[in-house]
Amino acid sequence: MAATLETVEQVRAVTEQKYKYGFFTDIESDTAPKGLSEDTVRFISARKNEPEWLLEWRLKAYRHWLTMEEPNWGKLGYPPIDYQDSYYYSAPKVAAGPKSLDEVDPELLRTYEKLGIPLKEQAILAGVEGAGDSPSIAVDAVFDSVSVATTFKKKLEEKGIIFCPISEAVQTHPELVKKYMGSVVPYSDNFFATLNSAVFTDGSFVYIPKGVRCPMELSTYFRINAKNTGQFERTLIIADEGSYVSYLEGCTAPQRDENQLHAAVVELVTHDDAQIKYSTVQNWYPGDENGKGGIYNFVTKRGACRGKNSKISWTQVETGSAITWKYPSCILQGDNSVGEFYSVAITNNRQQADTGTKMIHIGKNTKSTIVSKGISAGKAQNTYRGLVKIMPKADGARNFTQCDSLLIGDKCGAHTVPYIESRNRSARVEHEATTAKISEDQMFYCQQRGLSSEDAVSLIVNGFCKEVLKELPMEFAVEAQKLVGISLEGSVG
Amino acid sequence: MLEIRNLHVNVVGKPILKGLDLTVNAGEVHAIMGPNGAGKSTLGYTLAGRDGYEVTEGSVTYRGKDLLELEPDERAASGVFLAFQYPVEIPGVSNTTFLKSALNSIRKAHGEKELDAMQFLKLIRAKTKELGMTDEMLKRAVNVGFSGGEKKRNEVLQMAVLDPAFCVLDETDSGLDIDALRIVADGVNALRGPDRAILVITHYQRLLDYIVPDKVHVLANGRIARTGDKSLALELEEKGYAEFGVDEAA
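Residues numbered from 1 in each chain as written. Chains lettered and ligands numbered in written order. Predicted model: local features only at pLDDT ≥ 70, side-chain atom pairs only at ≥ 80, totals over all residues. Heavy atoms only, no water.

Trainee: Help me out: how do you make sense of the sheet that holds strand E4 (residues 53-62) of chain B in this one?
Mentor: Residue and element names in this part refer to chain B. Strand order across the open sheet formed by 4 strands is E2-E1-E4-E5, with antiparallel pairing between neighbours. Two strands close off the open sheet at either side, each with one partner strand: strand E2 (14-24) and strand E5 (65-66). In terms of strand pairing, strand E1 (residues 2-11) meets E4 through 8 bridges, oriented antiparallel. When the sheet's bridge partners are listed, Val11 is paired in E4 with Tyr53. (Pairing = 2+ DSSP bridges. Helix = DSSP H or I, 4+ residues; strand = E, 2+ residues; numbered from the N terminus.)

Trainee: Teacher, can you tell me more about unusual backbone geometry here?
Mentor: Note: most residues except glycine have negative phi, and most peptide bonds are trans. Non-glycine residue Asn336 of chain A carries a positive phi angle of around 65°. Within the secondary structure layout, Asn336 of chain A lies in the loop between strand E16 (329-332) and strand E17 (338-347). We classify Asn336 of chain A as partly exposed; its relative accessible area is 36%. Even without a glycine there, the phi angle at Arg63 of chain B is positive, about 45°. Turning to its location among the elements, Arg63 of chain B is positioned in the loop between E4 and E5. (Buried < 20%, exposed > 50% of the residue type's maximum accessible area, 1.4 Å probe, protein only.)

Trainee: How should the packing of aromatic side chains be read in this particular structure?
Mentor: Aromatic ring pairs: the centre-centre distance and the angle between the two ring planes describe each pair. Residues and elements named next belong to chain A. Overall, the coordinates contain 26 aromatic pairs over all chains when judged by the stated rule. Measuring from ring centre to ring centre gives 6.4 Å for Phe163 and Tyr247, while their planes differ by 85°; the resulting arrangement is edge-to-face. Here Tyr247 lies in strand E9 (residues 244-252) and Phe163 lies in strand E5 (residues 162-165), a separation of 84 residues in the sequence. Residue classification places Phe163 among the buried residues on the basis of a relative accessible area of 2%. On the basis of relative accessible area, Tyr247 is assigned to the buried category, the value being 0%. (Phe/Tyr/Trp six-rings, centres within 6.5 Å; stacked < 30°, edge-to-face > 60°.)

Trainee: How do you make sense of the pattern of salt bridges when you look at a structure like this?
Mentor: Any two side chains of opposite charge can pair if their charged atoms end up close together. This structure, assessed with the given rule, holds 33 salt bridges over all chains. Notably, a salt bridge pairs Arg58 of chain A with Glu50 of chain A, separated by 2.7 Å at the nearest N-O pair. Each member of the pair, Arg58 of chain A as well as Glu50 of chain A, carries the same accessibility label: buried. Lys470 of chain A is paired through a salt bridge with Glu471 of chain A; the nearest N and O atoms lie 3.7 Å apart. Linked by salt bridges that have partners in common, Arg226, Glu235, Lys239 and Glu243 of chain B make up one network. (Salt bridge = Lys/Arg side-chain N within 4 Å of Asp/Glu carboxyl O.)

Trainee: Just to check I follow, could you spell out the side chain of Glu150 of chain B for this structure?
Mentor: All names here are of chain B. You can see Glu150 is positioned in helix H6 (residues 148-162). When its relative accessible area of 19% is taken as the criterion, Glu150 is described as buried. Apart from the residues within four sequence positions on either side, Glu150 is in contact with Met137, Arg140 and Gly145. (Contact = heavy atoms within 4.5 Å.)

Trainee: What am I meant to see in the interface of chain A and chain B here?
Mentor: By convention, interface size is frequently given as the accessible area that disappears when the constituent parts associate. Across the boundary between the two partners, chain A contributes 26 residues, which contact 39 residues of chain B. Both faces combined, the contact of chain A with chain B buries some 2800 Å², and carbon together with sulfur accounts for 64% of it. Viewed at the interface, chain B and chain A are joined by 3 salt bridges. Asp441 of chain A is the partner of Arg50 of chain B in a salt bridge, and the nearest nitrogen-oxygen pair spans 2.4 Å. The tally of links from chain A across to chain B stands at 11 residue pairs in polar contact (both at pLDDT 80 or more). When residues of the side of chain A that touches chain B are traced back to their parent elements, those giving at least two are helix H1 (2-14), helix H10 (440-448) and helix H11 (453-464) of chain A. No other element matches H10 of chain A, which puts 8 residues into the side of chain A that touches chain B. For the side of chain A that touches chain B, the residue count by class is 11 nonpolar, 6 polar and 9 charged. (Buried area = accessible area lost by both parts, 1.4 Å probe. Polar contact = N/O pair within 3.5 Å; in protein donor to acceptor, adjacent residues only side chain to side chain. Nonpolar A, V, L, I, M, F, W, Y, C, P; charged D, E, K, R; others polar.)

Worth remembering: the numbers are spatial, not functional.
Below, the structure is given as structure tokens:
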């Protein structure tokens, strides 16, 4: 109770903030020539000192990408993207890899400070001291494209956990990367994932060994910094038999005048009895009131429950970006495996979001739960697009889907597009959907008790999203509730 | 404390209040009685500043200020409280969160320091105890799944926590059985004091057995038709509102 109260109080304290992460850090970049070609792909691979097989994989993806067309089935409208007018690699200049935080560019550390990332060892340690099992966070900080600092490595190493930039894993654990990368999202998967496969620059790699419960939340903060640099992050998380990990991903981006492309790929793999909980708070710059300058976010996130009794849980709070195209999915291959998708998507002004999930039931007695909360304000468009597919051998498969939409004002839109394909008679699929407006009664009631109209909206919307927000780890819940308030500012008269 | 002069209010273009005059002093409890459709709830909503209640003529002066100039949340901050006839449900928001947000908004408006979680918890526990309520209600979402009696008790609790100077109780007795009515009335009585004025809007005399008013007004056809003391309520109970030219059954 006390923790909840405190959370709410902190939320209240910041609801008046505008987009506070709109600043730009001036750091020398080591940038690839503008545009996309085989040379760009080779440049990136060479910079990363990659083995031959990876370069070949990238080139295969690039050649395949040339034959593909950008998907246009989403309920999204945006000007054509000129893929030749972008930089595909930009790394902060560091002579050698930093051995400790002291070696990290102080300018960079200041940026993190502004973002409130607890990167400094002392700050993090302060949170850990006392109870040995008290929750703590390890941060693999991705600055532009290169991960420059990793904390808590030692504690993780003791357990045999690997948590490092994927470029490092390519060097130190090539067998794992080679085995799993592209095994969930193949290089030929879709236009944006294929582009990512060709030019991905960095991202996180996590391996949890058999029977290990990761003692802390693992966390990556993304940040687009250098001008016009598309972000092509690639994350791979493997939970071996009987292991557990909770992973947090959060992003902020500086205010910018030109649209920025972001096409990440996240692959998760769980073996028997393993569990991955993946939480995202997405706060990319959404553009101004007219939608100018926001981030384009085309993400492919997919998890494979390969083992029996395994579980993958996606929780996302999407408040930023001009365009969001994102469908975190689960392939429920192992018998009794479980997939979950909890989502809050907030769109304001001219933001557009087409997001949802895919649950593919292959194994027996597989279960999936989908809870989606879409909030639309201003002139925004918010679409839930979900697929529940039951394969012939998935006896006893069950799905429950709940899609709720909340409209603020009368110029926005909410759309629900559920696809259900069942090829097994014993499957049970339930779908519930509601659309509501914030009622005038609720607004007046809150205002009569002293809340301003904006605080009232924030409170009502936080209530509407509660089922999803409560799935977030405590560390993220506060930030998420803040974002709900901030992102809806100006949405009521 | 409150002075209403020649108040005319339209709802959806239709005149509901047609020249209402009323003066309420600090420390007093006034009852507004009247037949259905006389404009009782309209008066409550107008004082609280609800959208759609259009003042076409007249004035409302509250503690020397023009009340009609203020936004609903500013009125709340200046001490105007409306206990709703139909309290509104807010799914997913706990009573505690709601009340703490409300109280801190009002404190902020007064330039006072906001209460932290512990201070608030202490306050709300004291208030629930004073009102003879359990704090089980605090954890539940605002009015969601509450019985009629619980909703009204919740209104009284909010009133006690927000500590307003001028309270309007809109048909607080409707839908309550006798036990619930007594609990709610006890709560309201506990809030009576020399610095606070209360306006009780009710259709029936029954509530006034428990909340004894200093003055009773009959609101009919959009104006105060008669003013008296407690005995007026008893008289109305007996004779109905027929003499005010309104058919009671309407």
